[in-house]
Amino acid sequence: MFFLPLFHRLQGRSCLIIGGGATALRKLRWLIRSGAQIQVVAPVIDPEIRRLAEQNNIMLLDRVFEHADIHADLTLVICATDAASISEEAYALSMQHRVLVNCVDRTDLCTVIFPAIVDRFPILVAISSMGQSPTLARTVRGWIEQRLPNALGRLARLAGALRTDVKDALADVDARKAFWEKVFGGPAAELAMQEKMAEAVAMTRAQLADETPTGSLVLLGAGPGDPELITLKGLRALQSADVILYDKLANPALLEYARRDAELIDVGKIGPREAIFATPSGDQSEALQKPRESGTTMQARINAKLVDLARGGKQVVRLKGGDAFIFGRGGEELLVAQEAGIAVEIIPGITAGMGASSYFGIPLTHRDLSQSVRFVTGHRLSDSVYTDWPEMAKPHQTLVIYMGLVTLPTLTRELIKAGRDGATPAVLIENATLPAQRAVYGVLADLAARVEAAQITGPSIVIVGEVVSISTGYVTAVTVEKAVPGEA
Ligand SMILES: C[S@@+](CC[C@H](N)C(=O)[O-])C[C@H]1O[C@@H](n2cnc3c(N)ncnc32)[C@H](O)[C@@H]1O
């Protein structure tokens, strides 16, 4: 006969003991510990049982057992009498009412059996011989009793006190197992068993702090669009990340390099003009009417998420279009992470301005044509408070303007007003480095009109400066056009 050891919760459940002698008393003591609702029925009841009954609200029935005593509301029946006929009746009735039953010394009349127990609460060791030799089970219990320190329960209390902390700090089951094994074999366990619980808890906490894997953050520049423009170092970071938070402008093809089990989180932000692509209908008015979270709120949520994940021990990669530090709010993420004590690595990416200029053969500096390059944002360019127009309008410098599509008419007008020659070569490059890339060439004075006519909607870079004239595209689109009026 095989009995599977299970630990049964009897708290508040009705249990019946048939019998009032020494065996019934032994079982009664365990039932009292379990918190069960107990009835004892027997014509003769041991005085100790009576004493315990008084103390523990146990109902005593001073009479012989009756069939009606066993009913479906009971959870367990223990039959502790020598009378075989009562055991047989108790077993049959219990089976009939689907109640667990234990007839002492009659394994054949048991659906559950009591093991020999080594009690180091909350550690309980249950030993069974499957009813074949209760004496041998008790002997084994003696051997185990000798080996288990009396204060073992304190060790369990230490583990219980820190269980949640350890679970939170060590996500991996094997790491938790290894941690506890170390604790149970170490000095914190000794302290706990000497009843120095506060010291034991403090020591275990310190051990846990050492074990806790420290997360990290990589601010990774994805490059402007062409996935092959990511650096080798960036690729390695992608391959080993636990979590990747990626932008709308980072090419999704790069996510193919992530580990299969890596978590991928889209935190793409949608700008007003680009919102066209975000609605299924492609209707811009619909996109613009949608209530949008402010950029600052969104960024704050991203910052908090990065910190949370890294603090939770994750290797976090923040994959951003272009370079994280060029109009990418990477600086804010760096500062927040540093403040939170998180290790940050920055892997540069090719910024859109450089990708765009390279793919269209425009050197941003060139002997005799341009001695400096300015990367500027067009986002606030219409606001003269922020813009030093005379400085920006100086000749022999190249302007690379991000987010300048919407403000293009203002910025070209202001540059000319501030002294830049209206005939300065200029270009707007949309979707640079991607298969859909296209350039609208012109000169400062007519670029805005040409762009309007071209109905540009994708992410775009504007380059203003004499260097644009080196591009073969410029030569065809502007120079030839001028030479042969009427032909584009
Ligand atoms: C918030 S900025 C991010 C810039 C990015 N951190 C970088 O270094 O390229 C977004 C702007 O970058 C420019 N941009 C990004 N990717 C581009 C691309 N493939 N082609 C043209 N412009 C791009 C656009 O002006 C777009 O509005």
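Numbering of residues begins from 1 in every chain and follows the order in which that chain's sequence is written. Only residues with pLDDT of at least 70 are given local features in this predicted model, and only at 80 or more are side-chain atom pairs given and counted; all residues enter the totals for whole chains, interfaces and linings. Excluded from the side-chain calculations are hydrogens and water; all other atoms, namely the structure's heavy atoms, are used.

A.B. asks: Teacher, can you tell me more about the pairing of strand S1 (residues 14-18) here?
C.D. replies: Each regular strand displays side chains that alternate between the two surfaces of the sheet. Among the five residues that make up S1, four are buried, leaving the element largely enclosed by the rest of the structure. Following DSSP output, two strands are said to pair if at least two bridges run between them. To qualify as a helix, a DSSP run of H or I must reach at least 4 residues; to qualify as a strand, a run of E must reach at least 2; elements of each kind are numbered from the N terminus. Alignment of S1 against strand S2 (residues 37-41), held across five bridges, turns out to be parallel. When the sheet's bridge partners are listed, Cys15 is paired in S2 with Ile38. With helix H1 (residues 22-34) bridging S1 and the parallel S2, this β-α-β connection has right-handed handedness. Of the strand pairs in this sheet, S1 and strand S4 (residues 76-79) are connected by four bridges, and their pairing is parallel. Exposure categories follow from relative accessible area, calculated using a 1.4 Å probe and restricted to protein chains: below 20% of the type maximum is buried, above 50% is exposed, and the middle band is partly exposed. Think of it like this: strands point away, you trace from the first strand over the helix to the second, and a clockwise trace means the crossover is right-handed.

A.B. asks: So what exactly am I meant to see when it comes to a nonpolar patch on the surface here?
C.D. replies: A cluster of nonpolar side chains, Phe7, Trp30, Phe121 and Leu124, forms an exposed patch at the surface whose accessible area comes to about 430 Å². Structurally, the position occupied by Phe7 is in the segment before S1. A relative accessible area of 62% means that Phe7 is categorised as exposed. Each patch is built from residues lacking any salt bridge and having more than 30% relative accessible area; the joining distance is 9 Å for like charges and 5 Å for nonpolar side chains (Val, Leu, Ile, Met, Phe, Trp, Tyr). Shrake-Rupley sampling with a 1.4 Å probe provides the accessible areas, and residues are treated as covered by the protein chains on show and by no other component. Here, a salt bridge means any Lys or Arg side-chain nitrogen found within 4 Å of an Asp or Glu carboxyl oxygen.

A.B. asks: What am I meant to see in the packing of aromatic side chains here?
C.D. replies: To describe a pair of aromatic rings, one takes the distance between the centres and the angle between the planes. Aromatic pairing here means that ring centres of Phe, Tyr or Trp (its six-membered ring) are within 6.5 Å. Orientation follows from the plane angle: under 30 degrees is stacked, over 60 is edge-to-face, and everything else is tilted. Summed over all chains, the structure comprises five aromatic pairs. Where Phe375 meets Tyr402, the ring centres are 5.9 Å apart and the plane angle is 55°; that geometry is what we call tilted. Here Tyr402 lies in strand S14 (residues 397-402) and Phe375 lies in strand S13 (residues 372-377), a separation of 27 residues in the sequence. The class for Phe375 is partly exposed, based on a relative accessible area of 29%. Consider the rings of Tyr441 and Tyr474, whose centres lie 6.2 Å apart with planes at 70°: the pair is edge-to-face.

A.B. asks: Is there a simple way to explain the packing of helix H5 (residues 152-169) against helix H6 (residues 173-184) in this structure?
C.D. replies: Two numbers describe a pair of packed helices, the interaxial angle and the distance between the axes. Axes here refer to lines fitted to C-alpha atoms; in helices the fit is confined to the stretch in contact. Angles between the N-to-C directions go from 0 to 180 degrees. At a minimum axis distance of 12 Å, the contact between H5 and H6 shows a crossing angle of 145°. Our pair here, H5 against H6, has a crossing hand that is right-handed. Facing Leu155, Leu158, Ala159, Leu162, Arg163, Val166 and Lys167 of H5, the residues of H6 in contact are Arg176, Phe179, Trp180, Val183 and Phe184. Partitioning the contact of H5 with H6 into residue classes produces nine nonpolar, no polar and three charged. We call a crossing left-handed when the near helix sits turned anticlockwise from the far one by less than a right angle, and right-handed when that turn is clockwise. Contacts between residues were defined by any pair of non-hydrogen atoms, one from each residue, lying within 4.5 Å. Three classes are used: nonpolar for Ala, Val, Leu, Ile, Met, Phe, Trp, Tyr, Cys and Pro, charged for Asp, Glu, Lys and Arg, and polar for all others, with Gly counted as polar.

A.B. asks: What am I meant to see in the site of the ligand here?
C.D. replies: Around the ligand sit 18 residues, and of these Ile326, Thr351, Ala352, Ala432 and Ser460 come closest. Whenever a nitrogen or oxygen atom comes within 3.5 Å of another N or O atom, the pair is scored as a polar contact, on the condition that within protein one atom can donate a hydrogen and the other can accept it, and that pairs from neighbouring residues in sequence are kept only if both atoms are in side chains. Gly321 is positioned with one of its backbone polar atoms (N or O) 3.0 Å from a nitrogen atom of the ligand. Residue Asp323 places a main-chain N or O atom 2.8 Å away from an oxygen atom belonging to the ligand. Considered on its own, the ligand offers 560 Å² of accessible surface; in the complex 90% of this is hidden by protein. Here the residues of the shell around the ligand sort into eleven nonpolar, five polar and two charged. What marks off one domain from the next here is an automatic or database domain assignment. Shared between two domains, the shell around the ligand takes at least three residues from each, and those domains are domain 3 (216-350) and domain 4 (353-483). The nearness test applies per residue and asks whether one of its heavy atoms lies within 4 Å of the molecule or strand.

A.B. asks: Where do I start with helix H8 (residues 197-211) in this structure?
C.D. replies: Working note: α-helix, 3.6 residues per turn, so residues spaced by three or four point in the same direction. A helix is expected to reach a length of 1.5 Å times the quantity of its residues less one. With 15 residues, H8 ought to run about 21 Å at 1.5 Å a step, and its terminal C-alpha atoms sit 21 Å apart, in line with that. Within H8, burial applies to Ala200, Val201, Thr204 and Leu208. Seen from one end, H8 has its buried residues packed into an arc of 95°, which puts them on one side. Facing away from the buried side of H8 by over 90 degrees, the exposed positions are Ala198, Ala209 and Asp210. On its buried face, H8 sits against H5, H6 and helix H7 (187-193). The directions from the helix axis to the C-beta atoms are what the arc is built from.

A.B. asks: For this particular structure, what's the right way to read the sheet that holds S2?
C.D. replies: Taken together, five strands build an open sheet; the order of strands is S3-S2-S1-S4-S5 and the sheet is parallel. Two strands bound the open sheet, and with one partner strand each, they are strand S3 (59-61) and strand S5 (100-103). Across the sheet, the axes of successive neighbouring strands diverge by a mean angle of 15°, strand direction being ignored. With three bridges joining them, S2 and S3 adopt parallel strand pairing. Bridged to Val40 within S3 is Leu60.

A.B. asks: Is there a simple way to think about helix H2 (residues 47-56) in this case?
C.D. replies: Among the residues of H2, those classed as buried are Ile49, Leu52 and Ala53. Each buried residue of H2 sits inside an arc of 105° when the element is viewed along its axis, so together they form one side. Every exposed residue of H2 that faces more than 90 degrees away from the buried side is listed here: Pro47, Glu54 and Gln55. Looking at the buried positions of H2, the neighbouring elements they touch are H1, S2 and S3. Phi for Asn57, located one or two positions after H2, is positive at around 55°.

A.B. asks: What am I meant to see in the confidence of the model for the chain here?
C.D. replies: When pLDDT is low, close inspection of the predicted coordinates is not appropriate. On average, the chain scores 89 in pLDDT, and the residues at 70 or more come to 91%. In the predicted structure, residues 270-290 sits below a pLDDT of 50 and forms 26 contacts with residues beyond four places in sequence or in another chain. The pLDDT value expresses, per residue, how confident the predictor is, ranging between 0 and 100. Confidence drops under pLDDT 50 across residues 484-488; counting only partners more than four residues distant or on other chains, this segment forms two contacts.

A.B. asks: Would you mind showing me how to read unusual backbone geometry here?
C.D. replies: Glycine aside, negative phi is the norm for most residues, and most peptide bonds take the trans geometry. Following Phe121, the chain continues into Pro122 via a peptide bond in cis, with omega recorded as 5°. Its place among the elements puts Pro122 in the loop between strand S6 (116-120) and strand S7 (123-127). Even without being glycine, Glu195 reaches a positive phi, approximately 70°. For Glu195, the location among the structural elements is in the loop between H7 and H8. One non-glycine residue, His396, adopts positive backbone phi at about 60°.

A.B. asks: What is the right way to read the pattern of salt bridges from this model?
C.D. replies: Two side chains that carry opposite charge are able to pair once their charged atoms sit near each other. Counted by the stated rule, this structure contains 24 salt bridges. For Arg63, the salt bridge is made with Glu66, and the minimal N-O distance between the two is 3.8 Å. The class of Glu66 is partly exposed, set by a relative accessible area of 40%. Put simply, Arg259 and Asp261 hold a salt bridge, and the shortest N to O gap is 2.9 Å. Given a relative accessible area of 29%, Arg259 falls into the partly exposed group. Asp261 sits in the exposed class, given a relative accessible area of 57%. What emerges from the salt-bridge pattern is a single network uniting Asp247, Arg318, Lys320 and Glu333.

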